[in-house]
Amino acid sequence: MESYIEQIQKNIEPLRQQIINHKVYAAIEDMESLRIFMQFHAYAVWDFMSLLKSLQNNLTCTSVPWFPKGFPESRYLINEIVLGEESDVDMEGNRKSHFELYLEAMCQCGADTAQIQNFITELMHSNDLDHAFQKAGTPEKAVQFVSNTFEIIRSNKDYVQAAVFTFGREDLIPDMFHSIISDLHAHFPESVSIFKYYLERHIEVDGDHHSHLALQMTSNLCGTNQEYWQEASLAVAASLQKRIALWDGVYDAIIAHKRVTAS
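Note that the coordinates shown come from a computational prediction; the quantities given were computed from them, not determined experimentally.

Comments concerning unusual backbone geometry
Cis rather than trans, the peptide bond between V64 and P65 has omega equal to 5°. Here P65 shows up in the loop between α3 (31-59) and α4 (72-86). Even without being glycine, N127 reaches a positive phi, approximately 55°. Relative to the assigned elements, N127 resides in the loop between α6 (114-126) and α7 (129-136). For N156, which is not glycine, the phi dihedral falls at a positive 60°. Turning to its location among the elements, N156 is positioned in the loop between α8 (140-155) and α9 (158-167). We classify N156 as exposed; its relative accessible area is 53%.

Brief notes about the pattern of salt bridges
Summed over all chains, the structure comprises nine salt bridges. Here R201 ties to D88 by a salt bridge, and the two come within 2.6 Å at their closest N and O atoms. One end of the pair, R201, is in helix α11 (residues 189-222); the other, D88, is in strand β1 (residues 88-89), and 113 residues separate them in sequence. Side by side, R201 and D88 carry an identical accessibility label, which is buried.

Observations regarding the nonpolar core
Ranked by internal contacts, the top residues of the largest apolar core, which has 87 residues, are L34, F37, M38, F119, F195 and M217. Tallying contributions element by element places α3 first for this core, with 17 residues. Ignoring anything within four residues of it in the chain, the contact list for M217 reads L55, L59, L77, I78, I81, A162 and F165.

Notes on the environment of A111
Summarising the element assignment, A111 is placed in the loop between α5 (98-109) and α6. For the pair A111 and M38, spaced 73 residues apart in sequence, the C-alpha separation works out to 7.0 Å. Residues within four places of A111 in sequence aside, it is in contact with R35, M38, Q39 and M106.

Notes on α7
Looking at α7, one finds that the buried residues are L129, A132, F133 and A136. Buried residues of α7, viewed axially, fall in a sector of 100°; they line one side. Facing away from the buried side of α7 by over 90 degrees, the exposed positions are D130, Q134 and K135. Elements in contact with the buried residues of α7: α3, α6 and α8. Two or three places before D130, at the start of α7, stands the capping residue D128, its side-chain oxygen 3.1 Å from that residue's backbone nitrogen. Once α7 ends, the next one or two residues include G137, with phi positive near 70°.

Brief notes about the side chain of T166
With respect to the helices and strands, the residue T166 is situated in helix α9. Judged by relative accessible area, T166 falls into the buried class, the value being 7%. Of the polar contacts made by the side chain of T166, one reaches the backbone oxygen of A214; its length is 3.1 Å. Here T218 takes part through its side chain, which lies 2.8 Å from a polar atom of the side chain of T166. Leave out the neighbours within four places in its chain, and T166 touches A214, L215 and T218.

Some details on empty space enclosed by the protein
Vacant regions in the atomic arrangement are exposed by a probe of water-molecule size rolled over the atoms. Using the criterion set out here, one finds one cavity of 30 Å³ or more in the structure. Within this model, the largest cavity holds a volume of roughly 240 Å³. If you go around the largest cavity, you meet 18 residues; those closest to its centre are H41, R169, Y198, H202 and R243. Listed by contribution, the elements that provide at least two residues to the lining of the largest cavity are α3, α11 and α12 (226-262). Classifying every residue of the lining of the largest cavity gives 11 nonpolar, three polar and four charged.

Thoughts on the packing of aromatic side chains
All told, the structure shown has 15 aromatic pairs when counted by the stated rule. For the pair Y25 and F177, a centre-to-centre distance of 5.4 Å together with 50° between the ring planes defines the contact as tilted. Taken as a pair, Y25 in helix α2 (residues 24-27) and F177 in helix α10 (residues 175-187) lie far apart in primary sequence, 152 residues in all. Classification of Y25 as buried rests on a relative accessible area of 2%. Aromatic pair F48 and F165: ring centres 4.9 Å apart, planes at 20°, arrangement stacked. Remark: F165 occurs in helix α9 and F48 occurs in helix α3; sequence separation between them is 117 residues.

About the thresholds
Residues numbered from 1 in each chain as written. Predicted model: local features only at pLDDT ≥ 70, side-chain atom pairs only at ≥ 80, totals over all residues. Heavy atoms only, no water. Helix = DSSP H or I, 4+ residues; strand = E, 2+ residues; numbered from the N terminus. Buried < 20%, exposed > 50% of the residue type's maximum accessible area, 1.4 Å probe, protein only. Salt bridge = Lys/Arg side-chain N within 4 Å of Asp/Glu carboxyl O. Core = buried A, V, L, I, M, F, W, Y, C linked by side-chain atoms within 4.5 Å. Contact = heavy atoms within 4.5 Å. Arc of directions from axis to C-beta. Polar contact = N/O pair within 3.5 Å; in protein donor to acceptor, adjacent residues only side chain to side chain. 1 Å grid on protein atoms, 1.4 Å probe; cavity = no way out; pocket = protein on both sides within 12 Å on 5 of 7 lines; lining within 4 Å. Points joined across faces, edges and corners; volume = space filled by probe spheres on them. Nonpolar A, V, L, I, M, F, W, Y, C, P; charged D, E, K, R; others polar. Phe/Tyr/Trp six-rings, centres within 6.5 Å; stacked < 30°, edge-to-face > 60°.

Here is the structure:
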């Protein structure tokens, strides 16, 4: 199974490099650029949680009455990841999800949370993604990104979901971005401290412990089934392409804002 993992990593490396070296990071030169970035990125943080919970629903029993479901090893792996993502700690040691922590970081730096909040409110009431996108005024690139994630969720294929979760969502924040945020924090500590903490938790929890658990989970679910691994590889590549498109959208929005303010 190690060879299957290595093959996926080899196949997607060019796409990963496009993401890690994307021009959007260099465009984040001030607080307003960061605010625009976060308003787009909030959708990716939110739908990451949705993908995570879909995996938990597929791999464990989340209904009553309870019955043993799936493999105990897979149950452990996904529940361990959910524990950290859904109930981590903030800077004061209070329990909250990474998405809630992200919203707090947005509020602290002055980013507008109305759009993502309106999207969630509309989706809770209608359970209709397209309706929620339209009512909230979600940017088209974010619409495409989230829609792709929910296609994966609706496939109900746990091995594909696990692969996208593992290879398409983790370990994609480059060192350069951390340096940019550290520089902004040095100048605006009262505005960036929560976001800086969020990124540090991402490295500590998501990028290390959770990535190892997710790799094991994907290996368990795909097993030695070559068709599963091939399907998973294609889904991961498609997900990474949507991430590149999302970053393109963020970059265009930042550049457009800079042109308006410069004129």
